[in-house]
Amino acid sequence: MYRQCASLVERHRSELSFALLLSGYALYLILGAWVFSAVELPYEQRLREQLETDRQKFLWDNACVSDERLEELLTRALHANNYGVSVLGNASENNWDFISSLFFTSTVLTTTGYGHTVPLSDGGKAFCVFYSLLGIPVTLLFLSALVQRMMVLVTRRPVAYLHLRWGVSKPKFAAVHAACLSVVAALLLFLLPAVVFCRLEPLWSYLESLYFCFISLTTIGLGDYVPGETHNAVPNSHRTLYKLAITLYLLLGLVCLLVVVETCCELPQLKSFRRRFYRENNAPESETRDQEEFSSTEHDQMTDHLTDQLTFSSVSAQAASLRQDNTPWNTPWQ
């Protein structure tokens with residue numbers, strides 16, 4: 001009986017692992033919803049009570065204003081604010097100058113989408129649809145090509161070089177390299193930029209600045225914090241340069257973060273873990289073996305080519321040493 005159960009589990013290991021993954025993900029969603037509800041609901045209720053108290057106090061102090069007229073004004077103001085137009089007296093900056101439009105297109109094409117500025121006209125909305133249909137796939141192609149090129153320089157060559165030089169196990173060294181790269185990325189993409197935003201945005205705390213960096217570079221883009229949109233936060237003379245710098249930070253930071261993620265995804269340990277949840281290949285054993293051999297041969301050819309490049313200097317040094325010792329070369333083809 002025990003052997004039958006073990007054999008059954010072994011045959012359906014992939015399905016059981018996927019069911020476990022599905023259950024764990026559902027529980028993770030439920031846990032997140034429970035935590036957010038427990039943390040945010042009391043704060044929302046207090047804010048509603050405070051807002052209602054302020055409203056009643058305003059009507060009491062201004063008896064000439066009716067509740068209906070105040071409701072109408074607030075409705076129109078909130079509707080305009082949803083389109084990035086504020087009724088505050090100190091909000092006189094345009095949302096659709098060239099730099100602001102460039103910032104908008106970068107958030108659209110990278111699917112960040114803060115939502116703080118949206119097209120107002122029907123023509124702008126129609127153009128945004130067609131612009132995104134072409135621009136988002138091109139952006140994904142550009143990012144994937146750029147990340148692939150950076151992976152060779154940042155991850156694959158350094159790992160292969162140090163693996164050959166030091167003789168350390170490649171999976172272990174790849175894990176150490178990924179950990180170090182993650183620490184550097186966290187420092188340069190999140191921790192230090194958060195300090196800069198905290199200084200440039202007086203109304204933001206360090207936690208809020210760090211929150212903005214994470215939400216932006218992970219393309220979540222909730223839009224509750226947008227730099228340069230805080231009234232009088234940045235001098236008007238530097239607003240254009242500030243917006244341009246933020247646009248460059250978001251694009252370069254996204255590329256660097258994708259390189260880190262791709263580096264972690266290429267770890268042999270992570271690949272082995274992911275295979276547990278994939279559907280098993282039901283192809284014939286001979287066909288599966290041929291595919292594995294083809295992949296292994298192609299990988300070995302690439303590795304040998306890289307190895308030849310990396311160890312050229314050491315081979316030359318060995319040849320020079322042998323010539324000095326007058327030791328003949330014994331080649332297998334002679």
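If you look the protein chain up in an unreviewed UniProt entry, it shows as Potassium channel subfamily K member from Oncorhynchus tshawytscha. Check the Sequence similarities (unreviewed entry) section of the UniProt entry for the protein chain; it says "Belongs to the two pore domain potassium channel (TC 1.A.1.8) family."

Enquirer: Got a minute to help me understand the packing of aromatic side chains in this structure?
Expert: For any pair of aromatic rings, geometry is given as the distance between the ring centres together with the angle between the planes. For the structure shown, the criterion picks out 13 aromatic pairs. With 5.0 Å between their ring centres and 70° between their planes, Trp96 and Phe104 make a pair best called edge-to-face. Of the residues examined, Trp96 reaches a relative accessible area of 35% and is grouped as partly exposed. Given the relative accessible area of 14%, Phe104 is considered buried. When the ring of Trp166 is compared with that of Phe173, the centres are 6.1 Å apart and the planes differ by 85°; the resulting orientation is edge-to-face. Assessed through its relative accessible area of 59%, Trp166 is described here as exposed. With a relative accessible area of 13%, Phe173 lands in the buried category. Linked through ring pairs, Phe103, Tyr114, Phe197, Trp204, Tyr211, Phe212, Tyr225 and Tyr249 together constitute an aromatic cluster.

Enquirer: Looking at this model, I keep getting lost on empty space enclosed by the protein. Mind explaining?
Expert: Once rolled over the atoms, a probe with the size of a water molecule shows which space is left empty. All chains considered together, the criterion is met by 2 cavities of 30 Å³ or more. Empty space within the largest cavity amounts to approximately 70 Å³. In terms of lining, the largest cavity is formed by Ser106, Thr107, Thr110, Thr112, Ser216, Leu217, Thr219, Leu250, Leu251 and Leu254. When residues of the lining of the largest cavity are traced back to their parent elements, those giving at least two are helix H4 (98–109), helix H7 (206–217) and helix H8 (239–265). Broken down by element, the lining of the largest cavity gets its largest block of residues, 3 residues, from H8. Its residues placed into classes, the lining of the largest cavity shows 4 nonpolar, 6 polar and no charged. Asn95, Ser100, Phe103, Phe104, His116, Thr117, Glu229 and Lys243 are the residues that line the second largest cavity.

Enquirer: What should I look at first to understand unusual backbone geometry in this one?
Expert: Generally, phi is negative for residues other than glycine and the peptide bonds are trans, each holding for most cases. The phi dihedral of Thr111 falls on the positive side, at around 60°, and the residue is not glycine. Within the secondary structure, Thr111 is located in the loop between H4 and helix H5 (122–166).

Enquirer: Would you explain helix H6 (residues 170–200) in this entry?
Expert: Since one α-helical turn is 3.6 residues long, residues separated by three or four positions face the same way. Between the first and last C-alpha of H6 there are 44 Å, a value that for 31 residues agrees with the 45 Å anticipated at 1.5 Å per step. Considering bend angle alone, the principal kink of H6 is centred on Leu187 and spans about 35°.

Enquirer: Explanation requested: the packing of H5 against H8 in the structure shown.
Expert: For any two helices packed against each other, one specifies the crossing angle of their axes together with the interaxial distance. Axis separation between H5 and H8 bottoms out at 9 Å; the angle between their running directions is 60°. Here the hand of the crossing between H5 and H8 comes out right-handed. Facing H5, whose interface residues are Leu143, Leu146, Val147, Met150, Met151, Val154 and Thr155, H8 presents Leu254, Val255, Leu258, Val259, Glu262 and Thr263. Looking at the contact of H5 with H8, its residues break down into 10 nonpolar, 2 polar and 1 charged.

Enquirer: Just checking my understanding: could you explain the pattern of salt bridges for this structure?
Expert: Two side chains carrying opposite charge are able to pair once their charged atoms lie near each other. Enumeration over the complete set of coordinates arrives at 5 salt bridges. Where Glu44 meets Arg48, a salt bridge forms, and the shortest distance between an N and an O atom there is 3.1 Å. Taken together, the residues Glu44 and Arg48, both in helix H2 (residues 13–61) and 4 residues apart, mark about one turn of the helix. With a relative accessible area of 35%, Glu44 lands in the partly exposed category. A salt bridge links Arg156 to Glu266; its shortest N-O distance comes to 2.5 Å. Within this pair, whereas Arg156 is found in helix H5, its partner Glu266 is found in the loop between H8 and helix H9 (268–275), the two being separated by 110 residues in sequence. In this structure Glu266 comes out as partly exposed when scored by relative accessible area, which is 24%. Sharing partners across several salt bridges, the network here consists of Arg55, Asp67 and Glu71.

Enquirer: I tried to follow the side chain of Ser132 on my own but got confused; where do I start?
Expert: Residue position: Ser132 is located in helix H5. Within the structure, the side chain of Ser132 is placed 2.7 Å from the backbone oxygen of Cys128, a separation counted as a polar contact. Excluding its chain neighbours within four sequence positions, the residues that come into contact with Ser132 are Val108 and Pro137.

Enquirer: What's the story with a nonpolar patch on the surface in this structure? I'm lost.
Expert: Judged by side-chain polarity, Val184, Leu187, Leu188, Leu191, Leu192, Val195 and Tyr206 come together as a nonpolar surface patch covering roughly 570 Å² of accessible area. In terms of residue count, the dominant contributor to the nonpolar patch is H6 (6 residues). Following the sequence through the fold, Leu188 ends up in helix H6.

Enquirer: So what exactly am I meant to see when it comes to the confidence of the model for the protein chain here?
Expert: For residues with low pLDDT, the predicted coordinates do not support detailed interpretation. When pLDDT is averaged along the protein chain, the result is 79; 78% of the residues meet or exceed 70. Least confident of the elements in the protein chain is helix H11 (residues 312–324), whose mean pLDDT is 40; most confident is H7, at 95. Low pLDDT, under 50, characterises residues 283–334; the stretch is placed with 19 contacts to residues that sit more than four places away or in other chains.

The rules we used
- Residues numbered from 1 in each chain as written.
- Predicted model: local features only at pLDDT ≥ 70, side-chain atom pairs only at ≥ 80, totals over all residues.
- Heavy atoms only, no water.
- UniProt positions renumbered as here; feature names shortened; annotations may be inferred.
- Phe/Tyr/Trp six-rings, centres within 6.5 Å; stacked < 30°, edge-to-face > 60°.
- Buried < 20%, exposed > 50% of the residue type's maximum accessible area, 1.4 Å probe, protein only.
- 1 Å grid on protein atoms, 1.4 Å probe; cavity = no way out; pocket = protein on both sides within 12 Å on 5 of 7 lines; lining within 4 Å.
- Points joined across faces, edges and corners; volume = space filled by probe spheres on them.
- Helix = DSSP H or I, 4+ residues; strand = E, 2+ residues; numbered from the N terminus.
- Nonpolar A, V, L, I, M, F, W, Y, C, P; charged D, E, K, R; others polar.
- Expected span 1.5 Å × (residues − 1).
- Bend = angle between axes of the 7 residues up to and from the residue.
- Axes fitted to C-alpha atoms, helices over the stretch in contact; angles between N-to-C directions.
- Left-handed = near helix turned anticlockwise from the far one by under 90°.
- Contact = heavy atoms within 4.5 Å.
- Salt bridge = Lys/Arg side-chain N within 4 Å of Asp/Glu carboxyl O.
- Polar contact = N/O pair within 3.5 Å; in protein donor to acceptor, adjacent residues only side chain to side chain.
- Patch = residues over 30% accessible without salt bridge, like charges linked within 9 Å, V, L, I, M, F, W, Y side chains within 5 Å.
- Areas by Shrake-Rupley, 256 points an atom, 1.4 Å probe, with all protein chains shown as cover.
- pLDDT = per-residue confidence, 0-100.

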